[in-house]
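# Coordinates in review
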Amino acid sequence: MKLDQMDLLLKQALKPGRYIHSVNTMKAAVSLAEHYGEDMEAAAVAGLLHDCAKNLRDDETLEYCRIHGIELSELEKRQVFLMHGEVGAILACEKYGVNDEIVLNAIRYHTTGYPEMNMMDKIIFLADYIEPGRTHSEVDNVRKLAYEDINRALIGSFDNIIKYVIHQRGLIHPNTIKARNSILMLISDNNQIRI
Ligand SMILES: [Fe+2]
Ligand SMILES: [Fe+2]
C-alpha cells in the first residue's frame, strides 16, 4: 500500500487530534531519519502508523492480543493502553499491508521502549515524543538533543517519562527501565559525556 493510501485509511480510523499527532510524528521521524542517514520511507510509514491501534477499546485490544497469542503481564493487564504498540504492529501488517520488520518493530516498541533499540526504534520513539504538538516544557531540551545525540535525547525522554509516571504514582513498565539502562550503559561504554 502506498503512503497516501495509508494516510487516507488512518484518517478514517483515528480521532482528528490523534491523526494530526500521527502526521506530526511522521514528519519528525522523516527529519530525524534524514539527519541520521536512515531509511526515510520506513520512518515515514512507522511514524504515520505508530498509533494506528490507539482508537481501539480495551476489549478490542485484548481480543487482538488473544488471537495473536500475545500474553499480557500483570502490569499490562492493568494498563491495556500500553498494548497499542503491539497491536499497532499487527494492524500495520494486516490492515495497512506493512511487511518490513524494522517498521513493525518500531511501531511495536514505541510505547515503552525496549532493550537493544535499533536506530529506527529510537527515531520513532523520539519523533513521537518531540513532535511539535508536544508542548510541555521538558520536551524542549530533548528536542534540541535529538539532532545532536540521539542516545542522550532518549535518556532525557525516558527520564521525563519515568518522573511523570512516578509523580502520578503510576506503574513503570520494566521495558522502559531496561531500555534506559541499556542506553546509559551504551553511552558510558562509548565514554560519552555523562548526563
Ligand atoms: Fe503511542
Ligand atoms: Fe504517539
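By the naming in an unreviewed UniProt entry, the chain is bis(5'-nucleosyl)-tetraphosphatase (symmetrical), taken from Ruminiclostridium cellobioparum subsp. termitidis CT1112. Checking UniProt for the chain, the heading Catalytic activity (unreviewed entry) contains the comment "P(1),P(4)-bis(5'-adenosyl) tetraphosphate + H2O = 2 ADP + 2 H(+)".

To continue, consider the coordination of the iron ion (ligand 1). Protein ligation of the iron ion (ligand 1) involves Asp51 (OD), His84 (NE2) and His110 (NE2), the donor distances falling in the range 2.1 Å. Going along the chain, you hit the donors of the iron ion (ligand 1) in the pattern D-x32-H-x25-H. A separation of 3.5 Å is found between the iron ion (ligand 1) and the iron ion (ligand 2), which are bridged by Asp51. Placement of Asp51 in the loop between α3 (40-49) and α4 (58-67) and of His110 in the loop between α7 (101-108) and α8 (119-130) is noted, with a sequence separation of 59 residues between them. Across this residue pair, the class does not change: Asp51 and His110 are buried.

Attention now moves to the packing of aromatic side chains. Scanning all chains against the criterion turns up two aromatic pairs. Consider the rings of Tyr109 and Tyr114, whose centres lie 3.7 Å apart with planes at 25 degrees: the pair is stacked. Taking relative accessible area as the criterion, Tyr114 reaches 16% and is therefore assigned buried.

The next point concerns the coordination of the iron ion (ligand 2). At the metal site, the iron ion (ligand 2) is ligated by His21 (NE2), His50 (NE2), Asp51 (OD) and Asp128 (OD), and these contacts range over 2.2 to 2.3 Å. Geometry at the iron ion (ligand 2) is irregular, judged from the four donor atoms that bind it and their angles of 79 to 171 degrees at the metal. Each donor residue of the iron ion (ligand 2) belongs to the same chain, and together they define the spacing H-x28-H-D-x76-D.

With that settled, consider the nonpolar core. Counting residues in each nonpolar core, the largest one holds 58 residues, and the members touching the most others are Leu10, Leu49, Tyr96, Val98, Leu126 and Ile130. No other element matches the eight residues that α8 contributes to this core. Not counting residues within four places of it along the chain, the set of residues in contact with Tyr96 comprises Met1, Met6, Leu9, Leu10, Ala13, Leu49, Cys52 and Leu91.

By secondary structure assignment, the location of Glu131 is in the loop between α8 and α9 (139-145). Overall, Glu131 belongs to the buried group, its relative accessible area being 3%. Measuring from C-alpha to C-alpha, the distance between Glu131 and Leu49 comes to 14 Å, with 82 residues separating the pair along the chain. Look past the residues within four positions of Glu131 in its chain and what remains in contact with it is His21, Asn24, Thr25, Ala28 and Arg143.

Among the secondary structure elements, Asp58 is positioned in helix α4. Spatially, the C-alpha atom of Asp58 lies 9.1 Å from that of Met83, the residues being 25 residues apart in sequence.

Right, let's get into the pattern of salt bridges. Scanning all chains against the criterion turns up 10 salt bridges. Notably, a salt bridge pairs Arg66 with Glu63, separated by 2.8 Å at the nearest N-O pair. Taken as a pair, Arg66 and Glu63 lie in helix α4 at a separation of three residues, close to a single helical turn. Its salt-bridge partner being Arg134, residue Asp128 comes within 3.0 Å of it at the nearest N-O pair. The partly exposed category is assigned to Arg134, whose relative accessible area is 26%. In the salt-bridge network here, residues are joined through shared partners; they are Arg57, Asp59 and Glu60.

Calculation rules
- Residues numbered from 1 in each chain as written.
- Chains lettered and ligands numbered in written order.
- Predicted model: local features only at pLDDT ≥ 70, side-chain atom pairs only at ≥ 80, totals over all residues.
- Heavy atoms only, no water.
- UniProt positions renumbered as here; feature names shortened; annotations may be inferred.
- Donors = N, O, S within 2.8 Å, 3.2 Å for Na, K, Ca; no water.
- Helix = DSSP H or I, 4+ residues; strand = E, 2+ residues; numbered from the N terminus.
- Buried < 20%, exposed > 50% of the residue type's maximum accessible area, 1.4 Å probe, protein only.
- Phe/Tyr/Trp six-rings, centres within 6.5 Å; stacked < 30°, edge-to-face > 60°.
- Tetrahedral: all angles 85-135°; square planar, octahedral: opposite > 155°, others 65-115°.
- Core = buried A, V, L, I, M, F, W, Y, C linked by side-chain atoms within 4.5 Å.
- Contact = heavy atoms within 4.5 Å.
- Salt bridge = Lys/Arg side-chain N within 4 Å of Asp/Glu carboxyl O.

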